[in-house]
Amino acid sequence: MAFMKNNPIAPKTSKFKRETYEKLIKTGQFIYQIGELENLRKPSREVSIDKIKSPEFKSKIKYLKECMKKYRKITGLGRGITAVQVGIPERFSVVYVPEIKGQLLIIINPKVTKRSEKFLKYPEMCMSAEPIIAPVARPAWIEFEYYDEKGKKKYWKTKDNTKKGKIYNRVFQHEIDHMDGIINIDKVESKELTLLSSPTYHEKAEFEQV
Ligand SMILES: [Zn+2]
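Draft legend 1. Focus on unusual backbone geometry. Of the consecutive residues glutamate 130 and proline 131, the connecting peptide bond is found in the cis state with omega at 0°. Mapped onto the fold, proline 131 is located in the loop between strand 4 (119-124) and strand 5 (132-139).

Structure below.
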């Protein structure tokens, strides 16, 4: 049955929802969705450090960066993408960090060395499970070591308490989970899941201590 015009019980966000799904048709062309690829649910393999500077690995990084840019161009959103999401089952991610020069940070073979005991809940989306919103509880921050795209060992130890700082610490955890075959929705009771239906969702999203 089609909704009649001015039906008082029809959802008021039909236009926004249509636009959202239209974007997902485009991003789904290069980002694997849950159920489409077994590797999304399996741990990815470590990158050989001596191969980081090889032309073959460089082209994989370049491709993942291009996917991140393409996703942002289509949606105006998106903070992190992990190689397995575009069909490369290796442990590296691209994280969008507009505050840092270059804007795209590459993390390779990250290893978490410390986790905050305080947990925060925040409504997350995943490029491989959109438009689901999963309010995931995670440690407020983590420390980890990783390799950059030049093969240098680096450390993340930033515990910035601003919303942006909290989001970074969360994005890294979300992406590292992908390397272990874990999706944000796995960490949440199904009745807590919602679908994106509000244009102001991103402005309203807040951290909640749990
Ligand atoms: Zn994700």
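Draft legend 2. How the structure looks around helix 3 (residues 163-179). For helix 3, which comprises 17 residues, the first-to-last C-alpha distance of 25 Å matches the rise-based estimate of 24 Å (1.5 Å per residue) to within 8%. When helix 3 is considered as a whole, its buried residues turn out to be Tyr168, Asn169, Arg170, Phe172, Gln173, His174, Glu175, Ile176, His178 and Met179. Trailing helix 3 by a residue or two, glycine 181 shows a phi angle of about 80°, which is positive.

Draft legend 3. Fine view of the sheet that holds strand 9 (residues 208-209). Sheet architecture is open: four strands sit in the order 8-5-4-9, paired in antiparallel fashion. With one partner strand each, in any of the chains shown, strand 8 (194-195) and strand 9 form the two edges of the open sheet.

Draft legend 4. Spatial organisation of the packing of helix 1 (residues 14-27) against helix 2 (residues 55-75). Running from N to C, helix 1 and helix 2 cross one another at 160°; their axes reach a closest spacing of 10 Å. Taken together, the axes of helix 1 and helix 2 are roughly antiparallel relative to one another. Crossing of helix 1 over helix 2 shows right-handed handedness. On helix 2, the residues touching Lys23, Lys26 and Thr27 of helix 1 are Tyr71, Ile74 and Thr75.

Draft legend 5. Focus on the sheet that holds strand 3 (residues 104-115). Across the sheet, which stays open at both edges, the five strands sit in the order 1-2-3-6-7 with antiparallel pairing between neighbours. Taken across any chain shown, the strands that pair with only one partner, and hence form the sheet edges, are strand 1 (80-82) and strand 7 (153-156). Within the sheet, the average angular offset between the axes of one strand and its neighbour, ignoring direction, is 40°. Pairing between strand 3 and strand 6 (residues 142-147): five bridges, direction antiparallel.

Calculation rules
- Within any chain, residue numbers begin from 1 and follow the written order of that chain's sequence.
- Predicted model: local features are reported for residues with pLDDT of at least 70 only, side-chain atom pairs are reported and counted for 80 or more only, and whole-chain, interface and lining totals are derived from all residues.
- Note on conventions: DSSP H or I runs of at least 4 residues are helices, E runs of at least 2 residues are strands, and numbering of each starts at the N terminus.
- Here a helix's expected span is defined as the number of its residues, less one, multiplied by 1.5 Å.
- Burial in this document is a count-based property: other C-beta atoms within 10 Å of a residue's C-beta are tallied, and the residue is buried at 20 or more, exposed at 12 or fewer, or partly exposed in between, with C-beta positions derived from the backbone.
- Only strands joined by at least two bridges in the DSSP assignment are considered to pair.
- Only the stretch in contact is used when a helix axis is fitted, and all axes are lines through C-alpha atoms; the angle between N-to-C directions ranges over 0 to 180 degrees.
- Angles below 35 degrees are treated as roughly parallel, those above 145 as roughly antiparallel, those between 65 and 115 as roughly perpendicular, and all remaining angles as oblique.
- Here a crossing is taken to be left-handed if its near helix is turned anticlockwise relative to the far helix by less than a right angle, and right-handed if that turn runs clockwise.
- Throughout, a pair of residues is in contact if the C-beta atoms placed from their backbones lie within 7 Å.

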